[in-house]
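Observations on the model geometry
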There are 2 protein chains.
Amino acid sequence: MSVVIPEIYNVHTPLLVAVDCIIFGFNECELKLLLVKRQMEPARGEWSLMGGFLGEHESLDEAAARILNQLTGLTDVYLDQLYAHSDPDRDPGARVISVSYYALIKISQHNQELAKEHDAEWFKLSEIPKLIFDHNLMVDMALQLLRKQAKTKPVGFELLPEKFTLPQLQALYEAIYQKELDRRNFRKNVLSMGMLEKLDEKDKTGSRKGAWLYRFNISKYESFRNQGFFFNVSV
Amino acid sequence: MSVVIPEIYNVHTPLLVAVDCIIFGFNECELKLLLVKRQMEPARGEWSLMGGFLGEHESLDEAAARILNQLTGLTDVYLDQLYAHSDPDRDPGARVISVSYYALIKISQHNQELAKEHDAEWFKLSEIPKLIFDHNLMVDMALQLLRKQAKTKPVGFELLPEKFTLPQLQALYEAIYQKELDRRNFRKNVLSMGMLEKLDEKDKTGSRKGAWLYRFNISKYESFRNQGFFFNVSV
DNA sequence: GTCATTAAATGTACGATGTACACTTAATTT
DNA sequence: AAATTAAGTGTACATCGTACATTTAATGAC
């Protein structure tokens, strides 16, 4: 395969550019990661992040959204560019630069058929296997970013279902920071932000008494997301 | 020019990858940016960030350091990867992805001869001209990152000379945030961190009375830099 | 040499925020 | 009806952030 590079660019080695997605989900009080069994050489059959090559007329953001959609069937997912990984030897098959993207999805909404086709599985954070290339590093960086963002953006809400209980929200934060939080302070803080709307339903799966369901006030959410804010949870 | 891509990679268009550096400096109580007049087509002669293509056996970090060194003569500069810019039409000459890097240098230390050779000039932030392609966007993103980092990392010290006065440090923060700060609170906060060592010299260029010179306690600096900390300046 | 000028240096009081902590309530199961 | 389980609630204290005015050191002008 040969490719013509315009002469004005004095370049000897054009590069391949890939995108890899670190896909976070949350259920059963655990933060989880969606991993696939790699279907191409090199390292076929090993655990890997979901990835793919950048298309000819695509931005990296578009590529990441496309690749995420291939695996989950979801659109409009929370995606953030994380880092461009460029060690010349990171991929033994060729010189490939990979830009990692960090995705937050609602586990219940993704397409399980598609996941099966890709040999994908959810892993608890504590049970992440050895991944190909520098993918474990990407996961570490993504987790760091998640911890940073969870303080200043309402990222939690990307991971929970539409309706959720305060104990669930607290469990999410406890999973992100691997730290127990005080119930009273947590509730005081999140409620004081005015982003939550209490519903007239209870979720009784978690206890006999049942916990009130809340949902998210979208307009408050948007204004917080744009202005930047401090998510008032002490960790 | 033709390039062979391993067949195992089902890719049609390899890409060019460039690096662009947003170079910050500080003097005369102003935050400044080092810009060059572009020496290649397209857009020859227009103002631009210093950039270059990624070499065959180089990581992006190495490329950024090399490119920064070409312009300034400096090594061991504070450099952070900022973002991979990938709009398919961002460079009208070819499909080029550019990874921006953000650099903090001490203005007094850079090589002015080299700068002259590249037609480089320092611009006050308020006087940044129209730049090529998406470079103004890169500058905006870099400034945002600087503002974020200045709260959580001692980045200020990359921009000041070895010995500096507290009024200088304060002026730097005022320039970064475009906001006047209270002298007493500022001093109390920065001194309470224990990162500064008071010297037995005064700098008398700024006033009759003269201001005490300080320098930076490297070991405290390193431990803060690694652990992450909160730079205790209210802005 | 005294006075005026300039910027540097210093401390405190008040309000806001963060943080620790224990009992009651609702519903189910035995 | 008694026991169990998780949900829900308020207060007191410490820490931190923030506003604010006067004194000090040195030089230059008269």
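Residues numbered from 1 in each chain as written. Chains lettered and ligands numbered in written order. Predicted model: local features only at pLDDT ≥ 70, side-chain atom pairs only at ≥ 80, totals over all residues. Heavy atoms only, no water.

All right, on to the domain arrangement of chain A then. Residues and elements named next belong to chain A. Taken domain by domain, chain A comprises domain 1 (9-151) and domain 2 (160-226). If you average the C-alpha positions of domain 1 and of domain 2, the two centres end up 28 Å apart. Each partner contributes to the interface: domain 1 provides 9 residues, whereas domain 2 provides 11 residues. The tally of links from domain 1 across to domain 2 stands at 0 salt bridges. Along the contact surface separating domain 1 from domain 2 lie 5 residue pairs in polar contact (both at pLDDT 80 or more). (Domains from an automatic or database assignment. Contact = heavy atoms within 4.5 Å. Salt bridge = Lys/Arg side-chain N within 4 Å of Asp/Glu carboxyl O. Polar contact = N/O pair within 3.5 Å; in protein donor to acceptor, adjacent residues only side chain to side chain.)

All names here are of chain B. Take alanine 150: it is sitting in helix α3 (residues 135-152). Using a relative accessible area of 1% as the deciding quantity, one classes alanine 150 as buried. Once the C-alpha coordinates of alanine 150 and tyrosine 177 are considered, the two residues, 27 residues apart in sequence, prove to be 9.3 Å apart. (Helix = DSSP H or I, 4+ residues; strand = E, 2+ residues; numbered from the N terminus. Buried < 20%, exposed > 50% of the residue type's maximum accessible area, 1.4 Å probe, protein only.)

An α-helical segment advances 3.6 residues per turn. Residues three or four places apart therefore align on the same side. Its 18 residues place the ends of α3(B) 26 Å apart at the C-alpha level, agreeing with the 26 Å of an ideal helix rising 1.5 Å per residue. Among the structural elements, β1 (16-27), β2 (30-37), β3 (47-48), β5 (78-85), β6 (96-104) and α5 (166-177) of chain B are those in contact with the buried residues of α3(B). (Expected span 1.5 Å × (residues − 1).)

Residues and elements named next belong to chain B. Inspection of every chain in the model, using the stated rule, returns 16 salt bridges over all chains. Across the salt bridge formed by arginine 90 and aspartate 134, the nearest N and O atoms sit 2.7 Å from each other. A residue pair is termed long-range when its members are at least 10 positions apart, and arginine 90 in the loop between β5 and β6 and aspartate 134 in the loop between β7 (120-124) and α3 qualify at 44 residues. A relative accessible area of 8% places arginine 90 in the buried class.

Membership of the largest hydrophobic core comes to 49 residues, with the highest contact counts inside it found for Val19(A), Ile23(A), Leu60(A), Val19(B), Ile23(B) and Leu60(B). Mapped by element, the contributors of at least two residues to this core are β1 (16-27), β2 (30-37), α1 (60-72) and β6 (96-104) of chain A together with β1, β2, α1 (60-72) and β6 of chain B. Sequence-distant contacts of Ile23(B), that is, excluding residues within four places in its chain, are made with Lys32(B), Leu33(B), Leu34(B), Met50(B), Leu68(B), Leu71(B), Ala103(B), Ile105(B) and Trp122(B). (Core = buried A, V, L, I, M, F, W, Y, C linked by side-chain atoms within 4.5 Å.)

Next up on the list: the side chain of Ser100(A). When you line up the elements, Ser100(A) lands in strand β6. Residue contacts for Ser100(A): discarding those within four places in its chain leaves Asp20(A), Ile22(A), Asp80(A), Gln81(A), Leu82(A), Tyr83(A), His85(A) and Met138(A).

Residues Asp61(A), Glu62(A), Asp87(B) and Asp89(B) make up a contiguous surface patch of negative charge. Tracing the chain through its elements places Asp87(B) in the loop between β5 and β6. Classification of Asp87(B) as partly exposed rests on a relative accessible area of 43%. (Patch = residues over 30% accessible without salt bridge, like charges linked within 9 Å, V, L, I, M, F, W, Y side chains within 5 Å. Areas by Shrake-Rupley, 256 points an atom, 1.4 Å probe, with all protein chains shown as cover. Lys, Arg positive; Asp, Glu negative; His and termini not counted. Charge placed at Lys NZ, Arg CZ, Asp CG, Glu CD.)

Looking now at helix α5 (residues 166-177) of chain A. Residue and element names in this part refer to chain A. With 12 residues, α5 should cover 16 Å at 1.5 Å per step; its first-to-last C-alpha distance of 17 Å lies within 8% of that length. Most of α5 sits inside the fold, with 9 of its 12 residues counted as buried. Within the sequence span of α5, burial applies to Leu166, Leu169, Gln170, Ala171, Leu172, Tyr173, Ala175, Ile176 and Tyr177. With its phi angle positive at about 50°, glutamine 178 sits one or two positions after the end of α5.

Below, the discussion takes up the sheet that holds strand β10 (residues 211-216) of chain A. Residues and elements named next belong to chain A. Judged by pairing direction, the sheet is antiparallel, and its 3 strands sit side by side in the order β8-β10-β9 without closing on themselves. A strand with exactly one partner marks an edge of an open sheet, and here the two such strands are β8 (164-165) and β9 (196-203). Sheet topology note: the β9/β10 ladder contains 5 bridges and is antiparallel. What sits directly across from lysine 198, in β10, is tyrosine 214. (Pairing = 2+ DSSP bridges.)

Omega for the bond connecting Glu41(A) with Pro42(A) falls within 30 degrees of zero, at -10°, which places this linkage in the cis form. Positive phi, close to 60°, is recorded for Cys29(A), a residue that is not glycine. Following the sequence through the fold, Cys29(A) ends up in the loop between β1 and β2. What makes Cys29(A) exposed here is its relative accessible area of 54%. At Gln178(B), a position not held by glycine, the phi torsion is positive, near 50°.

Now for the environment of Glu46(A). Residue and element names in this part refer to chain A. When you line up the elements, glutamate 46 lands in the loop between β2 and β3 (47-48). When the C-alpha positions of glutamate 46 and leucine 131 are compared, they lie 6.9 Å apart, and in sequence the two are 85 residues distant. Beyond its immediate stretch of four places on either side in the chain, glutamate 46 contacts Val36, Lys37, Arg38 and Ile132.

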